[in-house]
Amino acid sequence: MKIRKEMLKFHQYYFGEEEINEVIDTLRSGWITLGPKTKRFEDDFCQYLGCRSAAGVYSCTSALTLSLAALGIGQGDEVITTPITFPATTNEILLCGGIPVFVDVEPGTLNFDANKIEEKVTEKTKAILPVHFAGHPCDMDKILEIAKKYGLVVIEDAAHALEASYKGRKIGSIGDATCFSFYATKNITTGEGGMLTSNNEELIDKIKILRLHGISRDAWKRYGGEGFKYWEQVALGHKCNMFDIQAALGIHQLKRVDLFWEKRKIICEKYDAAFSNFPEIKPLEVKKDVKSAYHIYVIVLDKDRLKISRDEFIDELMKRRIGSAIHFRSLTLQPYYKERLPEVVGTVPLAESLSDRILSLPLYPTMSDSDTQYVVDMVTDTIEKNRL
Ligand SMILES: Cc1ncc(COP(=O)(O)O)c(C=O)c1O
């Protein structure tokens, strides 16, 4: 089998002339920070999701910071979440004084198992923070039911889940607040960027104040020709607003979102069809009542059927000029978390055992049919040469 010369990257973003021209227009407009383009992107985003209100922020991490702050999570409050996530999710809980409480994952989706949430609720629990891993929605009915029963808020980490819906409802208007990411590898990108959405308009108004130092009027309105208005600081805020150069990219990326999704879905279906023949690897499942955002394509290796480890599998793909990645090793195995929260090590056995069995294959809309076929052939070759 012929190995290609050019690396097939794990991810590649796509910008067209529209994004480039909008950035140039922004640079020429005389206004590059939070302003009219951010407002336009927020409005377009609300329309796409069918939610009432949205605040553009610097990143999904900022969206998490602001949601936790605005919903009153603080010192000693417990937040129930998943160990299979990017550290940003739980770092922000710790940074606001809260304590992440981990629930083990379900094997098919790697989302935290909603049936195991209730046993973790204590008097200190204030919030549930589902992460829609790989773009597959968590069991929101169960989560909302528990939240209602115990008076908890629900903050969703939808960094992977822009196009996802749960039982016909789009992710972004279900929980109290939902956090999206437009980081370079996400479903749409603004380089760095994020959006916080909610059907609670008052909450988003509060977040718009908190994203800009706690100041009561956005800068562009202060200087924007409505007559002089002095600003007032009304809360203790952060500095994590979106700015118009980011929004210029986002406005046009959002127009491509469904096409991008369609293309990734086709690639996932090809992978699924090809890999269903191999007992050595297992793709994740998509449940019937959801729409997945198909953000990443994860396979689980059966270690008992292969003579190489997951890391060696990644090396084998690299030798065949294919980039892959790991989403994610359980946070309970990260050195920082092991030291900071030693009591959580070993409490999520499935997440921990999956941590050295999962890897993610290339998945992005500009992959050609032959790129996809190349990945299939090379994964097949790696399995065939290394099966026990
Ligand atoms: C699940 C999850 N949450 C949060 C983040 C943080 O996103 P951002 O880089 O936009 O802050 C990421 C980024 O990879 C992520 O994967």
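Above this text sits the structure in question.
Calculation criteria
Residues numbered from 1 in each chain as written. Predicted model: local features only at pLDDT ≥ 70, side-chain atom pairs only at ≥ 80, totals over all residues. Heavy atoms only, no water. Disulfide = S-S within 2.5 Å. Buried < 20%, exposed > 50% of the residue type's maximum accessible area, 1.4 Å probe, protein only. Helix = DSSP H or I, 4+ residues; strand = E, 2+ residues; numbered from the N terminus. Pairing = 2+ DSSP bridges. Axes fitted to C-alpha atoms, helices over the stretch in contact; angles between N-to-C directions. Left-handed = near helix turned anticlockwise from the far one by under 90°. Contact = heavy atoms within 4.5 Å. Nonpolar A, V, L, I, M, F, W, Y, C, P; charged D, E, K, R; others polar.

1. Section: the state of the cysteines
Across all of its chains, the model carries 0 disulfides by this definition. A disulfide-free cysteine, C179 has its sulfur positioned 5.3 Å from the sulfur of C60, the nearest such atom.

2. Let's talk about the pairing of strand β1 (residues 53-57)
By the criterion of burial, β1 is predominantly enclosed, with 5 of the 5 residues buried. The alternating pattern of β1 places S53, A55 and V57 on one face and A54 and G56 on the opposite face, and all of these are buried. Looking at chain direction, β1 and strand β9 (residues 194-198) are connected through 5 bridges and run antiparallel. Residue pairing in the sheet places G56 in a bridge with M195 of β9.

3. What to know about the packing of helix α3 (residues 60-70) against helix α4 (residues 87-95)
The geometry of α3 relative to α4 is characterised by a closest axis approach of 9 Å and an angle of 35° between their N-to-C directions. Viewed along their axes, α3 and α4 form a crossing whose handedness is right-handed. Residues T61, L64, T65 and L68 of α3 touch α4, and the partners they reach there are A88, T89, E92 and I93. Taken together, the residues of the contact of α3 with α4 break down into 4 nonpolar, 3 polar and 1 charged.

4. Quick look at the environment of A293
With respect to the secondary-structure elements, A293 resides in the loop between β11 (290-291) and β12 (297-301). Along the backbone, A293 and L359 are 66 residues apart, and their C-alpha atoms lie at a distance of 18 Å. Excluding residues that lie within four positions of it along the chain, A293 makes contacts with G135, H160, A161, L162, E163, A164, N187, W261 and R264.

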